[in-house]
Amino acid sequence: MSEDSFTPRFSPVEINYLRDDHILEVVWDDGLTSRFSAELLRVESPSAEVQGHHPSEKKIIPGRRHVGIIDIVPVGNYAVRITFDDLHDSGLYSWQYLRDLHANQDQLWADYLRALETRGLSRDPVRR
């Protein structure tokens, strides 16, 4: 395998968290701008805790409508680790993962909403 096999195809030139809107904005080196809600990033975390080790193990995470991001830390030149205000921080968001998320976020969001409805769950946090 050549060294280029490990080089990300696209890289961000700017990453901003729009705190009031709970939006992560990524400006890519090819001019594309991606905007991700913190909620989408949280429920689609690439962590094994959320994704499992097989597609059939993927968890549906309810109650994250108001989730925010409290930290974004670079990991090498290929990813960021995001810490959410519910303290989830085990996912590494590679540049490729974020590009794929950009391309598929409408379908992923629709699938998430359908899964919540099917299971009788809500985006709203449970009050105790």
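Residues numbered from 1 in each chain as written. Predicted model: local features only at pLDDT ≥ 70, side-chain atom pairs only at ≥ 80, totals over all residues. Heavy atoms only, no water.

As for the overall build of the protein
Logical step 1: Check the secondary structure of the protein and you find 3 helices and 6 strands.
Logical step 2: Relative to the 2.2 N^0.38 estimate, which gives 14 Å for 128 residues, the radius of gyration of the protein is 15 Å and therefore close to what a compact globule would have.
Logical step 3: Viewed in the frame of its principal axes, the protein has a C-alpha envelope of about 50 × 35 × 25 Å.
Logical step 4: Evaluated residue by residue, the protein yields a buried proportion of 34% over its 128 residues.
Logical step 5: At a minimum sequence separation of 6, the contacts of the protein that also span at least 24 residues come to 45%.
Logical step 6: Of the roughly 8,000 Å² of accessible surface on the protein, 49% is carried by carbon and sulfur atoms.
Logical step 7: Distance from the positive charge centre (15 side chains) to the negative charge centre (21 side chains) of the protein: 7 Å. (Helix = DSSP H or I, 4+ residues; strand = E, 2+ residues; numbered from the N terminus. Rg over C-alpha atoms; globule rule 2.2 N^0.38 Å. Buried < 20%, exposed > 50% of the residue type's maximum accessible area, 1.4 Å probe, protein only. Contact = heavy atoms within 4.5 Å. Areas by Shrake-Rupley, 256 points an atom, 1.4 Å probe, with all protein chains shown as cover. Lys, Arg positive; Asp, Glu negative; His and termini not counted. Charge placed at Lys NZ, Arg CZ, Asp CG, Glu CD.)

A few points about helix H3 (residues 95-119)
Logical step 1: In a regular helix each residue adds 1.5 Å, so 25 residues correspond to 36 Å; H3 covers only 32 Å between its end C-alpha atoms and thus falls short of that length.
Logical step 2: Along H3, the sharpest kink reaches roughly 70°, centred on Asn104.
Logical step 3: Looking at the buried positions of H3, the neighbouring elements they touch are strand E1 (12-18), strand E2 (23-28), strand E3 (33-37), helix H1 (38-43), strand E5 (79-84) and strand E6 (92-94). (Expected span 1.5 Å × (residues − 1). Bend = angle between axes of the 7 residues up to and from the residue.)

Regarding the sheet that holds E2
Logical step 1: Taken in spatial order, the 3 strands line up as E1-E2-E3 in an open sheet, and their pairing is antiparallel. Whereas interior strands pair on both sides, the edge strands pair on one side only; in this sheet they are E1 and E3. Taking the axes of each pair of neighbouring strands and ignoring which way they run, one obtains an average angle of 15° across the sheet.
Logical step 2: Note that E1 and E2 share 6 bridges and pair antiparallel. Each bridged residue has a counterpart across the sheet, and for Glu14 the counterpart in E2 is Val27. (Pairing = 2+ DSSP bridges. Axes fitted to C-alpha atoms, helices over the stretch in contact; angles between N-to-C directions.)

Re the nonpolar core
Logical step 1: Counting residues in each nonpolar core, the largest one holds 18 residues, and the members touching the most others are Leu41, Ile69, Ile82 and Leu98.
Logical step 2: Where this core is concerned, the elements lending two or more residues are E2, H1, E5 and H3.
Logical step 3: With residues up to four places along the chain from it excluded, the contact list for Ile82 reads Leu24, Leu41, Ile69, Asp71, His88, Asp89, Gly91 and Tyr93. (Core = buried A, V, L, I, M, F, W, Y, C linked by side-chain atoms within 4.5 Å.)

As for the UniProt feature "domain: Gamma-butyrobetaine hydroxylase-like N-terminal" (unreviewed entry) in the protein
Logical step 1: The positions UniProt marks with the feature "domain: Gamma-butyrobetaine hydroxylase-like N-terminal" (unreviewed entry) are residues 16-99.
Logical step 2: End C-alpha atoms of residues 16-99 are separated by 16 Å, and the span's content is 18% helix alongside 36% strand. (UniProt positions renumbered as here; feature names shortened; annotations may be inferred.)

A few points about the sheet that holds strand E4 (residues 69-75)
Logical step 1: Overall, antiparallel pairing links the 3 strands, which are arranged E4-E5-E6 in an open sheet. This sheet does not close on itself; its edge strands, each paired only once, are E4 and E6. Ignoring which end each strand starts from, the neighbouring axes of this sheet average 30° apart.
Logical step 2: Sheet analysis places E4 next to E5, joined by 6 bridges and oriented antiparallel. Residue pairing across strands places Ile72 opposite Ile82, the latter belonging to E5.
Logical step 3: Against the sheet, H3 contacts E5 and E6, and its axis sits at roughly 75° relative to E6.

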